[in-house]
Amino acid sequence: MMNGGAIASKLSARGRSNRLPRSGKKRALGKAIPYLYLLPALLSIGYWIYRPLVSTFQLSFYEWNMLPTSPKTFVGWSNFAKLFALPEMGKALLNTLIYTVGVLPFSLLLPLVVAVLTDRIGGRARNLYRALIFVPMIMAPVAVSSVWSWILNPMGGIVNRTLRTGFGMEEPIRFFTDANWAIWSITFITGWKLIGFSTLIFSAALAGINKEYVEAARMDRAGPWQILRYVLLPLLSPTILFMTMLSVLFASEWSFSYVNVLTQGGPLGSTTNLYYVLWTYGFKTFAVGWSSAAAVLVFVGSGLVALGLLKLSSKLSFYDN
């Protein structure tokens, strides 16, 4: 026969055994709550980004004209082989490289110079300067294309009129219909629109630098060029490499709107790039397989470039710890 103490201890042990699973469930639920808050965003990203991405990879192996009633024909790697055999593909790759290299002075060099020279602007003047320099970035690409089409018009454009009256030029420059000028005109417009955005990024990075480093360099009798070279540029290296990666990855994509509105890839394919080829086969000729194959090539190539730039950034970046 059990005494009172044994019975009490047995009941207490039973109560603890009943409470432990409940507390474990509460802990598990507490750990899951943050993910429940993230669930709508994750579902949205999965549906609107990764689902189309998977569909693009799938369609790159099929031949289809986007009509719901037409069958999808599996062709394997044929779309990729035909894409590389296209005569305009080599031109598109070369133009993509030109856009990428040509935009770099506008997204790196000029904004960095402007940010350094205007770093001491303060008060309301700073806000006004930032607002004015950021205006091109918030303008719609189609509106920007229309404005530059008027400015560079060969007949009555302000640039050609200035060249004719001020420099005596007889023949107008056909900026968008001359194959020698068209790609550089598109590159200039793309870069012009990026100057404000890049300048604000570099200005924000400069504002985050501890000014004690600059003061210490001045106490050591360092000149402005030495301060820029040995103090500011190393501390700006993460931002410089970040903007380099953005420019390399998205320069051709940023130029797509201007190519589509101003030149339609011409003249003679001189302004086309990979993104315009992708769009042409997807929405003009309805060759979805070729368009998807081009998108896959852009995705894989951009991923490899981004991976290489990230590794380079981890080696070359200097952080103020």
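Figured I'd write up the structure that's included with this text. (Residues numbered from 1 in each chain as written. Predicted model: local features only at pLDDT ≥ 70, side-chain atom pairs only at ≥ 80, totals over all residues. Heavy atoms only, no water.)

### Some thoughts on the overall build of the chain
Next, step 1: Scanning the chain from N- to C-terminus turns up 11 helices and 2 strands.
Next, step 2: Shown N-terminal to C-terminal, the secondary structure of the chain runs as helices and strands in the order α-β-β-α-α-α-α-α-α-α-α-α-α.
Next, step 3: Compactness check: the chain gives a C-alpha radius of gyration of 29 Å against a globular reference of 20 Å for 321 residues, more than 25% above the reference.
Next, step 4: In the chain, 67% of the contacts between residues at least 6 apart in sequence involve partners at least 24 apart.
Next, step 5: Total accessible area on the chain is roughly 20,000 Å²; 68% of this is exposed by carbon and sulfur atoms. (Helix = DSSP H or I, 4+ residues; strand = E, 2+ residues; numbered from the N terminus. Rg over C-alpha atoms; globule rule 2.2 N^0.38 Å. Contact = heavy atoms within 4.5 Å. Areas by Shrake-Rupley, 256 points an atom, 1.4 Å probe, with all protein chains shown as cover.)

### Let's talk about the layout of surface pockets
Next, step 1: In this model, the largest pocket occupies a volume close to 540 Å³.
Next, step 2: Lining the largest pocket are 18 residues; nearest its centre among them are V116, L117, D119, L228 and L232.
Next, step 3: Tallying contributions element by element places helix α9 (residues 224-263) first for the lining of the largest pocket, with 6 residues.
Next, step 4: Taken together, the residues of the lining of the largest pocket sort by class into 13 nonpolar, no polar and 5 charged. (1 Å grid on protein atoms, 1.4 Å probe; cavity = no way out; pocket = protein on both sides within 12 Å on 5 of 7 lines; lining within 4 Å. Points joined across faces, edges and corners; volume = space filled by probe spheres on them. Nonpolar A, V, L, I, M, F, W, Y, C, P; charged D, E, K, R; others polar.)

### Comments concerning the packing of helix α2 (residues 78-85) against helix α11 (residues 288-316)
Next, step 1: It is the contact of α2 with α11, at a shortest axis distance of 9 Å, that shows an interaxial angle of 80°. One element, α2, and the other, α11, form an angle in the roughly perpendicular class. Of α11, the residues touching α2 (which contributes N79, F80, K82, L83 and F84) are G289, W290, A293, A294, V296 and L297.
Next, step 2: Looking at the contact of α2 with α11 residue by residue, the classes come out as 8 nonpolar, 2 polar and 1 charged. (Axes fitted to C-alpha atoms, helices over the stretch in contact; angles between N-to-C directions. Parallel < 35°, antiparallel > 145°, perpendicular 65-115°, else oblique.)

### A few points about helix α10 (residues 274-283)
Next, step 1: Within α10, 8 of the 10 residues are buried, leaving the element largely enclosed by the surrounding structure.
Next, step 2: Looking at the buried residues of α10, the elements they touch are α3 (87-117), α9 and α11.
Next, step 3: You can read the cap of α10 off the contacts: a side-chain oxygen lies 3.1 Å from the backbone nitrogen of Y275, and it is on N273. (Buried < 20%, exposed > 50% of the residue type's maximum accessible area, 1.4 Å probe, protein only. Polar contact = N/O pair within 3.5 Å; in protein donor to acceptor, adjacent residues only side chain to side chain.)

### Focus on the environment of L152
Next, step 1: Structurally, the position occupied by L152 is in the loop between α5 (141-151) and α6 (158-167).
Next, step 2: For the pair L152 and P172, spaced 20 residues apart in sequence, the C-alpha separation works out to 9.8 Å.
Next, step 3: In this view, L152 contacts V159, N160, I173, F175 and F176; residues no more than four positions away in its chain are not counted.

### Notes on a nonpolar patch on the surface
Next, step 1: Side chains of L29, I33, L36, Y37, L39 and L43 sit close together on the surface and give an oily, nonpolar patch of about 640 Å² of accessible area.
Next, step 2: Note that L39 resides in helix α1 (residues 4-59). (Patch = residues over 30% accessible without salt bridge, like charges linked within 9 Å, V, L, I, M, F, W, Y side chains within 5 Å. Salt bridge = Lys/Arg side-chain N within 4 Å of Asp/Glu carboxyl O.)

### As for the packing of aromatic side chains
Next, step 1: With the rule as written, the count across this model stands at 15 aromatic pairs.
Next, step 2: Arranged with centres 5.8 Å apart and planes meeting at 55°, the rings of F61 and F80 form a pair that is tilted. Placement of the pair is F61 in the loop between α1 and β1 (62-63) and F80 in helix α2, with a sequence separation of 19 residues.
Next, step 3: Among the residues examined, F61 registers a relative accessible area of 21% and is labelled partly exposed. (Phe/Tyr/Trp six-rings, centres within 6.5 Å; stacked < 30°, edge-to-face > 60°.)

### Let's talk about helix α7 (residues 179-207)
Three or four residues apart is the spacing at which side chains of an α-helix point the same way, because the helix has 3.6 residues per turn.
Next, step 1: Helix length check: α7, at 29 residues, gives a terminal C-alpha distance of 43 Å against a target of 42 Å (1.5 Å per residue), a fit within 8%.
Next, step 2: Where α7 bends most, at I195, the angle is about 35°.
Next, step 3: The N-cap of α7, judged by a side-chain oxygen 3.0 Å from the amide nitrogen of N180 a few residues on, is D178. (Expected span 1.5 Å × (residues − 1). Bend = angle between axes of the 7 residues up to and from the residue.)

### Points about the nonpolar core
Next, step 1: F176, I186 and I189 are the most contacted members of the largest nonpolar core, which has 33 residues in total.
Next, step 2: At the level of elements, α2, α3, α5, α7, α9, α10 and α11 are the ones that each hand at least two residues to this core. (Core = buried A, V, L, I, M, F, W, Y, C linked by side-chain atoms within 4.5 Å.)

### Looking at the environment of A131
Next, step 1: One can find A131 in helix α4 (residues 124-138).
Next, step 2: A residue is classified by how much of its surface remains accessible, and A131, at 44% relative accessible area, is partly exposed.

### Observations regarding the packing of α9 against α11
The angle between the axes and the distance between the axes are what describe a pair of packed helices.
Next, step 1: Two elements in contact, α9 and α11, have axes separated by 10 Å at closest approach and are oriented at 170°. Taken together, the axis directions place α9 and α11 in an arrangement best described as roughly antiparallel. Across from S237, L241, M245, V248 and L249 in α9, the residues of α11 making contact are S302, V305, A306, L309, L310, S313 and L316.

### Observations concerning the environment of W181
Next, step 1: Residue position: W181 is located in helix α7.
Next, step 2: Residue W181 is classed as partly exposed on the basis of its relative accessible area, which comes to 38%.
Next, step 3: Each C-alpha atom, one on W181 and one on W290, is 29 Å from the other, the two residues being 109 residues apart in sequence.
Next, step 4: Once you skip the residues sitting within four places of it in the chain, W181 turns out to touch I173, R174 and F175.

### Digging into unusual backbone geometry
For residues other than glycine, phi is negative in most cases, and the peptide bonds are mostly trans.
Next, step 1: In this chain, G266 is followed by P267 through a cis amide linkage whose omega measures -5°.
Next, step 2: In this fold, P267 is placed in the loop between α9 and α10.
Next, step 3: Notably, M66 is not glycine yet its phi reads approximately 75°, a positive angle.
Next, step 4: Summarising the element assignment, M66 is placed in the loop between β1 and β2 (73-74).
Next, step 5: Residue F286 is not a glycine yet carries a positive backbone phi of 60°.
Next, step 6: For F286, a relative accessible area of 40% translates into the label partly exposed.

Shape is all these values report; function is a separate question.
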